[in-house]
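Residue-level structure breakdown
Single-letter residue listing:
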Amino acid sequence: MGKEITTMKLFHLSDLHIGKIVNGYEMWEDQRYVFDQILAYVREEQPDAVMIAGDIYDKAVPSAKAVTEFDEFLTELADSGTIILIISGNHDSAERLDFASSIMKKQNIYMKGTYGGEAMKVTLQDKWGDVNFYLMPFVKPSNVKNTLSDLTEEPEKESAALTYTEAMQQVVAAMQVDPGKRNVLIAHQNVTNSGVNRRSDSETISIGGLDNIDRTVFDIFDYVALGHLHSPQQIGKPEIRYCGTPVIYSMSEADDQKSVTVVELGEKGKLSIRELPLNQLHAWYNFTGTLDEAMSREANEDYARIVLTDKETIIDVQARLRTVYKNLMSVEFQMADGSRPEQERTLEDVKNLAPDEAFADFYNRKMKRELSDENAVYIRQLIRDYYEQRQG
Ligand SMILES: [Mn+2]
């Protein structure tokens, strides 16, 4: 298209979560600090396309401020002359993201919010020919099943629920990917390698791997630009990749080096991947020790989680810690032997439990008796229904 491109250079981003609030802290400044670095990289590196693999916003109904922030970011991206490819994630409202998408195409912004039976296909060219981009918004098996009912002649097949992997097979089949061309998929799903990937605390949990998609479903693609998991990682091979959030959103990501993933496509079968580091406005600080030790640090603005090992009760612990830790995110207590006081549950404990186990534990503590089998079944069903509806 116009200029001769020798190598196609792509930026891969995801999970911006614009408007996210963490432990009561608004992250506007943190987000803008990182977005400015991304825009500087775009001006410097001049990618042919920028892919944003879902979770643009943190909420399905973003605040006016969140919309304005994204608008500014998008406008500056578009002004650089790059092509922008965007899909919705599980946090986004698919319909809202589709708004004005046909007008935006004229600005080289391709947005795919809803899934109605096919992914959006965008074809770019370089000296080795076509590169086909498939924009696949976040989909649930039920979305896919609705689109299949017209096609299948076998009603008994329709009624059977699809797993995520099966649904994804259908979606990929509908793309009719030409294996002779170079193909890039943009998706926002929970993709696993032999059932495994690396999660972090700022993602919305789902129960029991229900939403796992085996990565082999995507073997036909030259590169798979994924969103959904918040720590950067490859899934089974370098070409199936989560770029991770650009901003740190939880303590479990404290040691992540956040980055922009840069993918350069050569002729079919040739590609290189590198990372451009993104600095954070605030460091995330995780401390375990006595109050005295915690207070010996210089005053700072780190996002801090303090676990205290003091044995005696401390008055006004939050207020005292805040004189040193301006951005105190949480305070917890731990006994000197490493255990926590009896009857106390921390987020760490509960996090390792399945939702139904966490409820049973809560019930047991409140009611001082065990949850009956009958009620346990009921609760499990309730939780399952809830996640099915809310998904992700
Ligand atoms: Mn996300």
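Quantities reported herein were computed from a predicted structural model and do not represent experimental measurements. (Residues numbered from 1 in each chain as written. Predicted model: local features only at pLDDT ≥ 70, side-chain atom pairs only at ≥ 80, totals over all residues. Heavy atoms only, no water.)

**Things to note about the nonpolar core**
Note the cut-off: Nine residue types can take part in a nonpolar core, namely buried Ala, Val, Leu, Ile, Met, Phe, Trp, Tyr and Cys, and a core is a set of them joined through side-chain atoms within 4.5 Å. Categorising residues by exposure relies on relative accessible area from a 1.4 Å probe, with only protein chains included: less than 20% of the type maximum marks a residue as buried, more than 50% marks it as exposed, and the intermediate range marks it as partly exposed. Going along the chain from the N terminus, every DSSP run of H or I of four or more residues is numbered as a helix, and every run of E of two or more is numbered as a strand. Domain delimitation follows an automatic or database domain assignment.
Core analysis: the biggest nonpolar cluster contains 40 residues, and Ile-18, Ile-38, Ile-52, Phe-70, Phe-73 and Ile-86 have the highest contact counts within it. Here the element with the most residues in this core is helix H1 (residues 28–45); it accounts for 7 residues. Both domains that meet at this core, namely domain 1 (8–277) and domain 2 (284–390), each give it at least three residues. Counting residues in hydrophobic clusters, the runner-up holds 29 residues, among them Phe-138, Val-139, Ala-167 and Met-168.

**Brief notes about the domain arrangement of the chain**
Quick reminder of the rule: The criterion used for residue contact is that any of the two residues' heavy atoms lie within 4.5 Å. Note on definitions: buried area is the accessible-area loss of two parts on being combined, 1.4 Å probe, summed for both.
Looking at the chain, the domain boundaries give domain 1 (8–277) and domain 2 (284–390). Placing a centre on the C-alpha atoms of domain 1 and another on those of domain 2 gives a separation of 32 Å. At the junction of the two partners, domain 1 supplies 18 residues and domain 2 supplies 20 residues. Both faces combined, the contact of domain 1 with domain 2 buries some 1,500 Å², and carbon together with sulfur accounts for 65% of it.

**Let's talk about the packing of aromatic side chains**
Note the cut-off: Each Phe, Tyr or Trp ring (for Trp, its six-membered ring) is paired with any other whose centre lies within 6.5 Å, and the angle between the two planes then decides the class: stacked below 30 degrees, edge-to-face above 60, tilted in between. By the criterion adopted, a ring carries a charge over it if an Arg CZ or a Lys NZ lies within 6 Å of its centre and within 35 degrees of its normal.
Applying the stated rule across the entire model yields 10 aromatic pairs. Within the aromatic cluster, the residues linked to one another by ring pairs are Tyr-25, Trp-284 and Tyr-303. If you follow Lys-20 out to its NZ or CZ, it ends over the ring of Tyr-249, 5.8 Å from the centre.

**Quick look at H1**
Convention followed: The length a helix should cover is 1.5 Å for every residue beyond the first.
Over its 18 residues, H1 runs 25 Å from end to end, which matches the ideal 26 Å to within 8%, given 1.5 Å per residue. All buried positions along H1 are accounted for by Trp-28, Asp-30, Gln-31, Val-34, Phe-35, Gln-37, Ile-38, Leu-39, Tyr-41, Val-42 and Glu-45. Of the residues one or two after H1, Gln-46 is the one with positive phi, at around 45 degrees.

**Brief notes about the coordination of the manganese ion**
As a reminder of what qualifies: Only N, O and S atoms count as donors, using a 2.8 Å cut-off from the metal and 3.2 Å for Na, K and Ca, and because water is excluded some sites may appear unfinished.
At 2.1 to 2.5 Å from the manganese ion lie its protein donor atoms, namely Asp-15 (OD), His-17 (NE2), Asp-55 (OD) and His-230 (NE2). Considered as a linear motif, the donors of the manganese ion on their single chain read D-x1-H-x37-D-x174-H. As far as burial versus exposure is concerned, Asp-15 and His-17 are alike and both buried.

**Some remarks on the packing of helix H5 (residues 141–148) against helix H7 (residues 164–175)**
Helix-helix packing is characterised by the crossing angle of the two axes and by the distance between the axes. Applied cut-off: Note on method: axes are straight lines fitted to C-alpha atoms, helices fitted across the in-contact stretch only, with angles between N-to-C directions ranging 0 to 180 degrees. These descriptions rest on fixed angle ranges, namely under 35 degrees for roughly parallel, over 145 for roughly antiparallel, 65 to 115 for roughly perpendicular, and the rest for oblique. Handedness of a crossing follows from how the near helix is turned relative to the far one, being left-handed for an anticlockwise turn of less than a right angle and right-handed for a clockwise one. In this classification, Asp, Glu, Lys and Arg are treated as charged, Ala, Val, Leu, Ile, Met, Phe, Trp, Tyr, Cys and Pro as nonpolar, and every other residue, Gly included, as polar.
In the contact formed by H5 and H7, the axes pass within 9 Å of each other and the chain directions differ by 45 degrees. Here H5 lies oblique to H7, going by the angle between them. Judged by the sense of rotation from one axis to the other, the crossing of H5 with H7 is left-handed. Residues Pro-141, Val-144 and Leu-148 of H5 touch H7, and the partners they reach there are Tyr-164, Ala-167, Gln-170 and Val-171. Looking at the contact of H5 with H7 residue by residue, the class counts come to 6 nonpolar, 1 polar and no charged.

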